[in-house]
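Below, each chain spelled out in residue letters.
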Amino acid sequence: AVDVARANELSVQLRKDGYQVQSLELFVTAANRILTIVTMMFTMIGGIALLVATIGIANTMVMAIYERTREIGILKAMGASRGEVRQMFMLEAGFIGMIGGVFGLLIGWVLGLGLNQMIAMFSRLREQPIHGKFFLVTPFLALGVIVFATFIGLLAGLLPAQRAARLDPLEALRHE
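Below is a short write-up of the structure. (Residues numbered from 1 in each chain as written. Predicted model: local features only at pLDDT ≥ 70, side-chain atom pairs only at ≥ 80, totals over all residues. Heavy atoms only, no water.)

1. Quick notes on the nonpolar core
- Grouped together as the largest cluster of nonpolar side chains are twelve residues: Ile57, Met61, Ile65, Ile72, Ala80, Val85, Phe89, Met90, Ala93, Ala156, Ala161 and Ala164.
- Those elements giving two or more residues to this core turn out to be helix 2 (24-67), helix 4 (82-125) and helix 5 (139-165).
- If one sorts the elements of this core by residue count, helix 4 sits on top with four residues.
- For isoleucine 57, the contacting residues outside a window of four places in its chain are Ala93, Ile96, Gly97, Gly153 and Ala156. (Core = buried A, V, L, I, M, F, W, Y, C linked by side-chain atoms within 4.5 Å. Buried < 20%, exposed > 50% of the residue type's maximum accessible area, 1.4 Å probe, protein only. Helix = DSSP H or I, 4+ residues; strand = E, 2+ residues; numbered from the N terminus. Contact = heavy atoms within 4.5 Å.)

Rendered as structure tokens:
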């Protein structure tokens, strides 16, 4: 065949004529199915990890508020508003999320480099060298990961920060 489109038409015609045909189209279709399954698995694993991380940040913030209840009482007694207390804990939760995003990004990038090397080695062993990268972290993706992780941290810290902002200064000062 002269080009890929003609090859696909030709393979369909040859199959109709009773011949057994293998074309690049079959390999691409199989690869796309495998890629879809792998993508779904990684999406499910990522969703579970995101849920666990959100619960972890919320738990960390609840414990931070519990441990610093007296300090919150002092801040409120000195004139700190609810909004300032809320903002303090929201910033902390956002930073926790951002730091988690940076570490996750670095781990994912290193794993991607390793997987790219493994794919290249495997393809050389099978004498079908593949050039290019399968796992690539672009600057836009990196920025998106960090922004998303920060947003998740803020979201996870919202309820505990509200709780800290509503604390009564007198009750907080009596807390031991």
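2. Details of the packing of helix 4 against helix 5
- At a minimum axis separation of 6 Å, helix 4 and helix 5 run at an interaxial angle of 145°. Here helix 4 runs over helix 5; the crossing is right-handed.
- When the residues that make up the contact of helix 4 with helix 5 are grouped by side-chain class, the tally is 16 nonpolar, seven polar and two charged. (Axes fitted to C-alpha atoms, helices over the stretch in contact; angles between N-to-C directions. Left-handed = near helix turned anticlockwise from the far one by under 90°. Nonpolar A, V, L, I, M, F, W, Y, C, P; charged D, E, K, R; others polar.)

3. Thoughts on the pattern of salt bridges
- This model, assessed by the stated rule, comprises two salt bridges.
- Here glutamate 92 makes a salt bridge to arginine 68, at a shortest N to O gap of 2.5 Å. Of this pair, glutamate 92 sits in helix 4 while arginine 68 sits in the loop between helix 2 and helix 3 (69-77); the two residues are 24 residues apart in sequence, bridging distant segments of the chain.
- For the salt bridge of arginine 174 with glutamate 171, the shortest nitrogen-to-oxygen distance reads 3.3 Å. Remark: glutamate 171 and arginine 174 occur in helix 6 (residues 169-174); sequence separation between them is three residues, near one turn of the helix.
- Arginine 174 sits in the exposed class, given a relative accessible area of 60%.
- Classification of glutamate 171 as partly exposed rests on a relative accessible area of 49%. (Salt bridge = Lys/Arg side-chain N within 4 Å of Asp/Glu carboxyl O.)

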